[in-house]
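Commentary on secondary and tertiary structure
Okay, here's what each chain looks like letter by letter:
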Amino acid sequence: MTKPIVLIAEELSPATVEALGPDFEVRNIDGTDRPLLLKELATADAILVRSATQVDAEAIASAPKLKVIARAGVGLDNVDIKAATNAGVMVVNAPTSNVISAAELAIGQMFALARHIPDANASLKAGEWKRSKYTGVEFFEKTVGIVGLGRIGALVAQRLAGFGVNIIGYDPYVTPARAEQLGVKLATLDQVMEQSDFITIHIPKTPETTGMIGTAQFAKAKSNLRIVNCSRGGIIDEADLYQALSTGQIAGAGLDVFVQEPPKDNPLLTLPNIVVTPHLGASTDEAQEKAGISVAKSVRLALAGDLVPDAVNVAGGNIDASVKPGIALMENMGQILFGLSGGNVTAIEVEVRGEIAAHDVSVLKLAGLKGFYQNAVTEQVSYVNAPLMAEQRGVDVKLTIDAHSDEYRNVTSIKATLADGTTASVSGTVIGPKHHQKIVGINGYEVELAVAEHLVLMVYTDRPGIVAVYGKAFADAGINIAAMQIARQQKGGKALSVITVDSKVADDVLEAVRVAIEADVLKAIDVAF
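Let us look at the structure shown here. (Residues numbered from 1 in each chain as written. Predicted model: local features only at pLDDT ≥ 70, side-chain atom pairs only at ≥ 80, totals over all residues. Heavy atoms only, no water.)

**Some thoughts on unusual backbone geometry**
Keep this limit in mind: Secondary structure follows DSSP: runs of H or I at least 4 residues long count as helices, runs of E at least 2 residues long count as strands, and numbering of each begins at the N terminus.
Cis peptide bonds are those with omega within 30 degrees of zero, and the linkage from Glu261 to Pro262 qualifies with -5°. Along the polypeptide, Pro262 turns up in the loop between β11 (252-255) and β12 (274-276). Unlike most non-glycine residues, His116 shows phi in positive territory, near 55°. For His116, the location among the structural elements is in the loop between α5 (99-115) and α6 (117-125). The backbone phi angle of His435 is positive, close to 55°, even though this residue is not glycine.

**Some thoughts on a nonpolar patch on the surface**
The line we're drawing: Within the patch definition used here, like charges are joined within 9 Å and nonpolar side chains (Val, Leu, Ile, Met, Phe, Trp, Tyr) within 5 Å, considering only residues with over 30% relative accessible area and no salt bridge. Each accessible area is a Shrake-Rupley result for a 1.4 Å probe, and residues are judged covered by the shown protein chains and nothing else. Any Lys or Arg side-chain nitrogen located within 4 Å of an Asp or Glu carboxyl oxygen qualifies as a salt bridge.
A grouping of Val467, Met484 and Ile486 is seen on the molecular surface, where their side chains present a nonpolar patch of about 230 Å² in accessible area. Mapped onto the elements of the fold, Ile486 is located in strand β20 (residues 481-488).

**Considering the packing of aromatic side chains**
Where we set the bar: Stacked, edge-to-face and tilted are the three classes for Phe, Tyr and Trp ring pairs, Trp counted by its six-membered ring, which pair at centre distances within 6.5 Å; planes under 30 degrees apart are stacked, over 60 edge-to-face, the rest tilted. Type-normalised accessible area, obtained with a 1.4 Å probe on protein chains alone, sets the label of each residue: buried when under 20%, exposed when over 50%, and partly exposed for intermediate values.
This structure, assessed with the given rule, holds 8 aromatic pairs. The interplanar angle of 55° and the centroid separation of 5.1 Å between the aromatic rings of Tyr173 and Phe338 together place this pair among those described as tilted. Of the two residues, Tyr173 is situated in the loop between β7 (166-170) and α8 (176-181) and Phe338 in helix α13 (residues 325-341); the sequence distance between them amounts to 165 residues. By relative accessible area, Tyr173 is classed as partly exposed at 21%. By the ring-pair criterion, three or more aromatic residues cluster together here, those being Phe111, Phe139, Phe163 and Phe198.

**Focus: the nonpolar core**
Test applied: In this text, buried Ala, Val, Leu, Ile, Met, Phe, Trp, Tyr and Cys residues form a nonpolar core when linked through side-chain atoms within 4.5 Å.
Counting residues in hydrophobic clusters, the biggest one holds 51 residues, and the most contacted among them are Leu364 and Tyr373. With 8 residues, the single largest contributor to this core is α13. Counting 30 residues, the second-largest nonpolar core is a separate cluster that includes Val99, Ala114, Val144 and Val165.

**Description of the packing of α5 against helix α7 (residues 151-160)**
Stated formally: Between N-to-C directions, angles cover 0 to 180 degrees, with each direction set by a line fitted to C-alpha atoms, over the stretch in contact for helices. Convention used here: angles under 35 degrees read as roughly parallel, angles over 145 as roughly antiparallel, angles from 65 to 115 as roughly perpendicular, and any remaining angle as oblique. The hand of a helix crossing depends on one turn: near helix anticlockwise from the far one by less than a right angle means left-handed, and clockwise means right-handed. The contact definition used throughout considers only heavy atoms, calling two residues in contact when any of these lie within 4.5 Å. In the scheme used here, Gly and all other residues not listed as nonpolar or charged are polar, with Ala, Val, Leu, Ile, Met, Phe, Trp, Tyr, Cys and Pro taken as nonpolar and Asp, Glu, Lys and Arg as charged.
Axis separation between α5 and α7 bottoms out at 9 Å; the angle between their running directions is 55°. With respect to α7, the element α5 is oriented oblique. The handedness of the crossing between α5 and α7 comes out as right-handed. Contacts from Val99, Ile100, Ala102, Ala103, Glu104, Ala106, Ile107 and Met110 in α5 reach Arg151, Ile152, Leu155, Val156, Arg159 and Leu160 in α7. Partitioned by chemical class, the residues of the contact of α5 with α7 number 11 nonpolar, no polar and 3 charged.

**Structural notes on the pattern of salt bridges**
The full count for this structure, using the stated rule, is 17 salt bridges. Between Arg353 and Glu351 there is a salt bridge; the shortest N-O distance is 3.5 Å. Salt bridges sharing common partners tie together Glu25, Arg27 and Glu40.

**Thoughts on the packing of helix α16 (residues 466-476) against helix α17 (residues 507-517)**
Interaxial distance between α16 and α17 falls to 10 Å at its minimum, and their mutual angle equals 160°. One element, α16, and the other, α17, form an angle in the roughly antiparallel class. In this structure, the crossing between α16 and α17 has a hand that is right-handed. Between α16 and α17, the contacting residues are Ile466, Val469, Tyr470, Ala473 and Phe474 on the first element and Val509, Val513, Ala516 and Ile517 on the second. Among the residues forming the contact of α16 with α17, the class breakdown is 9 nonpolar, no polar and no charged.

Purely geometric stuff here, so don't read any function into it on its own.
So this is what it looks like as structure tokens:
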């Protein structure tokens with residue numbers, strides 16, 4: 001019997017090959033040799049890469065047998081996930097392989113800034129002895145601000161605890177109870193900027209977080225602030241950081257990541273009060289070995305047809321055919337629930353009702369959590385780390401099953417309990433042979449609406465003329481309404497309108513509508529399919 005062919009396109013640890021085992025024909029190639037890569041992909045069942053090999057649409061199109069692309073690391077910038085998904089190819093990575101290495105680097109950057117270690121080292125090697133020039137500061141009794149308390153931020157907090165520092169943190173998705181477990185006092189971003197002697201950043205780069213720290217935030221900071229970013233380039237506005245450092249508005253900065261990598265002609269590199277490293281967050285022997293072993297195990301699972309916990313685009317595995325269509329629905333409902341709840345929750349419950357309750361539906365709980373945390377954390381969210389994210393935030397997660405369903409053959413729901421005791425919920429079902437995804441309930445209101453990329457949800461007092469008001473507002477803004485559902489629980493009470501629109505709605509348009517209809521709730525929710 002012919003063994004499946006696995007390409008190793010870059011240098012990986014020997015433990016990676018050992019983890020693959022004897023069941024595959026392993027071929028080592030140079031993934032940067034483009035003609036060779038395309039030739040070898042023609043017969044490959046799987047490919048393992050790091051960051052140099054570009055697995056783009058052309059490469060995927062040349063690989064008719066390819067079942068899985070494995071990136072031995074966290075980022076996936078060199079893999080075309082959309083092209084892979086369209087071709088039915090699973091993409092996996094190693095989302096937790098570098099968390100310790102990244103946390104330790106962030107702490108190292110802070111110490112390097114505090115004690116001028118890089119410059120003092122260079123000075124002494126140049127034959128100088130300038131002790132007074134490199135007088136530093138202690139950590140003891142200083143205030144350290146952590147922006148983002150996910151896996152890496154939590155590890156940083158745990159490691160700093162022994163230094164006698166006061167730790168404050170900004171993370172809108174972490175409960176006070178979880179922060180207390182970490183020894184962190186929750187604060188607003190402004191308070192972190194105002195109070196901290198050191199700040200370290202551990203959040204995802206999204207449209208909302210890009211440039212999140214800039215001139216306005218630096219204006220609130222102490223002059224002795226030293227700020228470190230080992231997360232994603234661009235979260236700190238680089239031009240504003242240059243201004244703050246060059247004028248002495250803050251004392252120093254440490255960067256492992258940049259908007260453009262490698263940074264070319266970047267004026268930050270000319271400053272004496274900045275420590276820079278070339279994106280070394282995952283560059284340890286241990287992290288590389290963990291990453292290689294992790295993806296090797298995922299490749300084994302994928303080629304065996306089993307559920308792959310670290311799949312970032314599809315869920316495989318021994319899942320009953322009647323359950324599989326609900327996986328994508330649950331991921332999308334998780335995203336919607338995140339938008340409804342704002343993310344600061346204490347409990348999440350996934351409920352499965354109907355015929356599929358006779359099968360193993362635990363994957364639906366994982367899918368709901370994966371969708372919920374998709375836009376909330378720095379790490380790549382997968383089926384294996386989504387439950388860990390909930391656990392780290394002190395979120396109680398429960399799955400309930402009921403074989404009885406009144407209106408549909410199967411209904412799945414995901415419900416969140418918020419920190420203030422209120423709840424938010426979404427229910428949905430999959431209809432017909434094409435598995436159309438329908439939302440059938442939101443916060444106790446009965447609706448029937450297709451899942452769409454852009455949703456707007458409104459709750460207001462039921463009265464005539466409301467639809468005309470928001471319809472005109474959206475029309476004036478050039479936003480087309482594709483579908484609409486209105487539901488109420490009693491005449492003259494509160495009504496829910498859920499509309500799907502063809503484009504993202506600007507915040508000022510939403511605010512104008514909220515004021516015009518006196519809405520109790522008005523949210524725009526975007527779903528990444």
